[in-house]
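What follows is the residue order along each chain.
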Amino acid sequence: MIYLDNNASSPLAPQVKQFLLEHLDIYANPSSFHTLGKNSRQLLDVAREQVAYLLGGSPREIIFTSGGTESNNLAILGSLPCAPKGQNHIITTKVEHPSVLNTMRYCEKQGWDITYLPVCKSGLPDLDYLTNSISSRTFLVSVMYANNETGVILPIDEITRILEKYNVIFHVDATQMIGRQPLSVSDHSIDLLTISAHKFHSLKGAGALYVKDGTRISSTVQGGKQERNLRSGTENFHNIIAMGQASYLAKTSFLDKMDKIEQMRNHLQNFILHNIPQCVVNGIRAPRIANTLNVSFRGVLGDVLVRELSQHNVYVSHGAACSSGAREPSHVLKAMNLEWDFITSAIRFSFSIYNTQQQIEDLKELLPKVVDKLRNMPE
Ligand code: PLP
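The structure contained in this document is the topic of the report that follows. Only a predicted model underlies this, so the values are computations on that prediction, with no experimental measurement involved.

Scoring rules and cut-offs
Residues numbered from 1 in each chain as written. Predicted model: local features only at pLDDT ≥ 70, side-chain atom pairs only at ≥ 80, totals over all residues. Heavy atoms only, no water. Pairing = 2+ DSSP bridges. Helix = DSSP H or I, 4+ residues; strand = E, 2+ residues; numbered from the N terminus. Axes fitted to C-alpha atoms, helices over the stretch in contact; angles between N-to-C directions. Contact = heavy atoms within 4.5 Å. 1 Å grid on protein atoms, 1.4 Å probe; cavity = no way out; pocket = protein on both sides within 12 Å on 5 of 7 lines; lining within 4 Å. Points joined across faces, edges and corners; volume = space filled by probe spheres on them. Nonpolar A, V, L, I, M, F, W, Y, C, P; charged D, E, K, R; others polar. Domains from an automatic or database assignment. Near = heavy atom within 4 Å. Polar contact = N/O pair within 3.5 Å; in protein donor to acceptor, adjacent residues only side chain to side chain. Areas by Shrake-Rupley, 256 points an atom, 1.4 Å probe, with all protein chains shown as cover. Buried < 20%, exposed > 50% of the residue type's maximum accessible area, 1.4 Å probe, protein only. Arc of directions from axis to C-beta.

**Let's talk about the sheet that holds strand E5 (residues 138–144)**
Strand pairing in a sheet takes place through backbone hydrogen bonds and is either antiparallel or parallel in direction. The strand order E2-E8-E7-E6-E5-E3-E4 describes an open sheet built from seven strands, whose pairing is mixed. The sheet terminates laterally at strand E2 (62–65) and strand E4 (113–117), the two strands that pair on one side only. On average, adjacent strands in this sheet sit at an angle of 20° to one another, irrespective of strand direction. When E2 meets strand E8 (residues 207–211), the two strands line up antiparallel, connected through four bridges. Within the sheet, the bridge partner assigned to Ile62 lies in E8 and is Tyr210. Sitting on the sheet, helix H3 (residues 68–79) is in contact with E2, E5, strand E6 (169–173), strand E7 (192–196) and E8, with an inclination near 160° to E7. Docked against the sheet, helix H4 (residues 98–109) engages strand E3 (89–93), E4, E5 and E6, running at close to 150° with respect to E4.

Shown next, in the form of structure tokens:
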């Protein structure tokens, strides 16, 4: 099997699995006052320290959530009620994950004025457009750190410099950055930052929102006032302590392996460009996270190619994974203004530390044959 769909979800790290198995019998509620409850609370506190260590913040700035989608919703919907009168403008980009874009569309219906920044062919946002649209009316700017489909890394530093003169909240969706590129919230003026555990070798159903001390934000869920009253509900204990372990590993070990991943990614990329005609690597002109390779194979339908490869036990994606399984042409590639043929023929290979060079060699054997077969199939 060759699993190259790590931007959709990544395998559990063996160390995290072992840690989980050792703690599975713990059931006391971390909010209970007795000793067992306090023991659970201590483990949650350790996880909070580990996530803070990964992100370069302090533990009190970490709010546990159920994942990237909830963190993005909390960041946007939680901050808007704190907007001063007259600040009713939000800026985001056209290439965000649906958990941001659909939340923005919801806000639009509530009367917020939203600017969707266009991107260039490279996948990078138009910063002149940002400079021209930001004003004293702007309350929130929400952009992703790395794009889930192309791996393109957005210029967070340059964006920060543009925002400096304004009184805005800056939210960054860093879901695809963790464990793939070093990141420290203290190096940038980031107020809110989203992460999701299953993208860095932990379980689905946990994530966090970094909330910089002093950031105006309110709860979107009412209840028992857990997580500094920003996310009520009994904490998803096992998922969270697993995410803590994975955060520690991401910081101390995964990042060291990124050079190897980048070499494998580039090796496959060069092979495709030199051996399979009519291919384009999307996002190649921009800085990209090391594990992502998005390629259009002209003349082939991306979803058909994904299905065919899957029959050979090679697992890749056509655009982003979505709940319905329905395949819409990628809004990211559309925003990059690609020709239609290149949009519908794109697939994404996303690597992890568990891939091997041998797998890439096997894929080099298989891929040209599969692409050739599909290109020569009668209509
Ligand atoms: N943001 C980005 C950039 C993502 O890639 C994803 C998931 O693919 C999410 C948010 C949503 O994360 P989750 O699956 O944890 O809800």
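**As for the sheet that holds strand E9 (residues 279–281)**
Strand order in the open sheet made by the three strands is E9-E10-E12, with antiparallel pairing throughout. Of all strands in the sheet, those bounded by a partner on one side alone are E9 and strand E12 (346–350). With strand direction ignored, the average angle separating the axes of adjacent strands in the sheet is 25°. Against the sheet, helix H9 (residues 258–275) makes contact with E9, strand E10 (292–297) and E12, and its axis sits at roughly 15° relative to E10, the strand it touches most. Against the sheet, helix H13 (residues 357–375) makes contact with E9, E10 and E12, and its axis sits at roughly 30° relative to E10, the strand it touches most.

**Points about empty space enclosed by the protein**
According to the stated counting rule, one finds two cavities of 30 Å³ or more in the structure shown. Its volume calculated, the largest cavity comes out at about 100 Å³. Residue composition of the lining of the largest cavity, by class: seven nonpolar, six polar and two charged. Mapped onto the domain boundaries, the lining of the largest cavity takes at least three residues apiece from domain 1 (2–10 + 257–375) and domain 2 (14–252).

**Concerning the site of the ligand**
Among the 14 residues in the neighbourhood of the ligand, the closest are listed as Thr69, Asp173, Gln176, Ser196 and Lys199. The separation between an oxygen atom of the ligand and a polar side-chain atom of Thr69 is 2.6 Å. Side-chain polar atom of Lys199 to an oxygen atom of the ligand: 2.5 Å apart, as the coordinates give it. The fraction of the free accessible surface of the ligand (390 Å²) that becomes covered by protein chains is 86%. For the shell around the ligand, the residue count by class is one nonpolar, eleven polar and two charged.

**Comments concerning helix H6 (residues 156–163)**
Within H6, the full set of buried residues consists of Ile156, Ile159, Thr160, Ile162 and Leu163. Each buried residue of H6 sits inside an arc of 160° when the element is viewed along its axis, so together they form one side. In this structure, the buried side of H6 is in contact with helix H5 (127–133), E5 and E6.

**What to know about unusual backbone geometry**
The phi torsion at Glu227 lies on the positive side, around 50°, for a residue other than glycine. On the secondary structure map, Glu227 appears in helix H7 (residues 226–229). The exposure class of Glu227 is buried, given its relative accessible area of 6%.

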